[in-house]
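# Examining the three-dimensional arrangement
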Amino acid sequence: MAGETILLIEDEKNIVELIKYNLEKEGFRVLTAMKGNAGLDMALKEKPALVVLDLMLPELGGLEICKTLKHNDKTRNVPVIMLTAKGTETDKIVGLELGADDYMTKPFSPRELIARIKAIFRRVHEKPKLELLKAGALELDITKHELRLKGNSAELTAKEFELLKTLMEASGRALSREFLLERVWGYENSMNIETRTVDMHIGQLRKKIGKEADRIVTVKSVGYRFDGD
Ligand code: CA
């Protein structure tokens, strides 16, 4: 863990200095960027082991950066910890639906940030790649691209498979319709697309998974959540 490179994208100089100092003391290598564009470039170029990302940044905001990183194959698996100001900003990332792995509300102590970073690294290093997602009688076999119900193979369309996979991977977290559209259908600007598309596919999916259908929970005015075991 020590020696890994952490990229800090933050525009408040005193916070940059405080975090950098404390992370270096822990043995991490720290790269810093104080503007959004520069930070994103650095993340793509340097491929850090983890990114600490402020939400409000000049030029390019943290949400945009997070989204870009999580949509890029090269950086998709780089953990991101978002830093948010108190209150409203936190609400925006409820569900961490942009793919951030954790977030902290300012002000926070460097000690707590370090604890979170270490926890993420532990998860990353320990977690075997999930090739099989399970819940109750449901088994989603990523390798074979197959859904099994009580061991019996069940037919899913490609979109239904992606939708179920996305929900199961985020098990316990509410995902918005917009997020699902973007992730499953790949719409860049999901605002103009009918979010009912998602509802229709969820309906089909529920039918196909029979008794496990209740695991796909409708979250009022947000979207959907998958409840695991
Ligand atoms: Ca800021």
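Residues numbered from 1 in each chain as written. Predicted model: local features only at pLDDT ≥ 70, side-chain atom pairs only at ≥ 80, totals over all residues. Heavy atoms only, no water.

The subject of this paragraph is the overall build of the protein chain. Helix and strand counts for the protein chain stand at 8 helices and 12 strands. Going through the 229 residues of the protein chain one by one, you find that 44% of them count as buried. Counting only contacts in the protein chain whose residues sit at least 6 apart along the sequence, the fraction spanning at least 24 positions is 54%. As displayed, the protein chain offers around 12300 Å² of accessible surface, 50% of which is attributable to carbon and sulfur atoms. (Helix = DSSP H or I, 4+ residues; strand = E, 2+ residues; numbered from the N terminus. Buried < 20%, exposed > 50% of the residue type's maximum accessible area, 1.4 Å probe, protein only. Contact = heavy atoms within 4.5 Å. Areas by Shrake-Rupley, 256 points an atom, 1.4 Å probe, with all protein chains shown as cover.)

At the metal site, the calcium ion is ligated by Asp-11 (OD), Asp-54 (OD) and Met-56 (O), and these contacts range over 2.1 to 2.4 Å. The sequence pattern formed by the donor residues of the calcium ion is D-x42-D-x1-M. Among the residues examined, Asp-54 registers a relative accessible area of 3% and is labelled buried. (Donors = N, O, S within 2.8 Å, 3.2 Å for Na, K, Ca; no water.)

This model, assessed by the stated rule, comprises 1 aromatic pair. A centroid spacing of 5.9 Å and a plane angle of 40° characterise the contact between Phe-28 and Phe-121, whose relative ring orientation is tilted. One end of the pair, Phe-28, is in the loop between helix H1 (13-25) and strand S2 (29-33); the other, Phe-121, is in helix H5 (residues 110-126), and 93 residues separate them in sequence. Here Phe-28 matches Phe-121 in class, with each residue buried. (Phe/Tyr/Trp six-rings, centres within 6.5 Å; stacked < 30°, edge-to-face > 60°.)

Turning to the pairing of S2, a few remarks are in order. When strand S1 (residues 5-9) meets S2, the two strands line up parallel, connected through 5 bridges. Counterpart to Ile-6 in the pairing with S2 is Val-30. Following the chain from S1 across H1 to the adjacent parallel S2, one finds a crossover that is right-handed. (Pairing = 2+ DSSP bridges. Right-handed = clockwise from strand over helix to strand, strands pointing away.)

The next thing to look at is the sheet that holds strand S11 (residues 216-219). Taken together, the 3 strands give an open sheet; going across it, the order is S10-S12-S11, and neighbouring strands pair in antiparallel fashion. Edge positions in the sheet fall to strand S10 (174-176) and S11, since each of these pairs with one other strand and no more. Mean inter-strand twist for the sheet, computed between neighbouring axes without regard to direction, equals 35°. Where S11 lies against strand S12 (residues 223-226), 4 bridges are found, and the strand directions are antiparallel. Within the sheet, the bridge partner assigned to Thr-218 lies in S12 and is Tyr-224. In the packing of helix H6 (residues 158-169) onto the sheet, the strands contacted are S10, S11 and S12, and the crossing angle to S12 comes to about 65°. Those strands touched by helix H8 (residues 196-208) are S11 and S12, and its axis lies near 150° from that of S11. (Axes fitted to C-alpha atoms, helices over the stretch in contact; angles between N-to-C directions.)

By themselves, these figures tell us nothing about what the structure is for.
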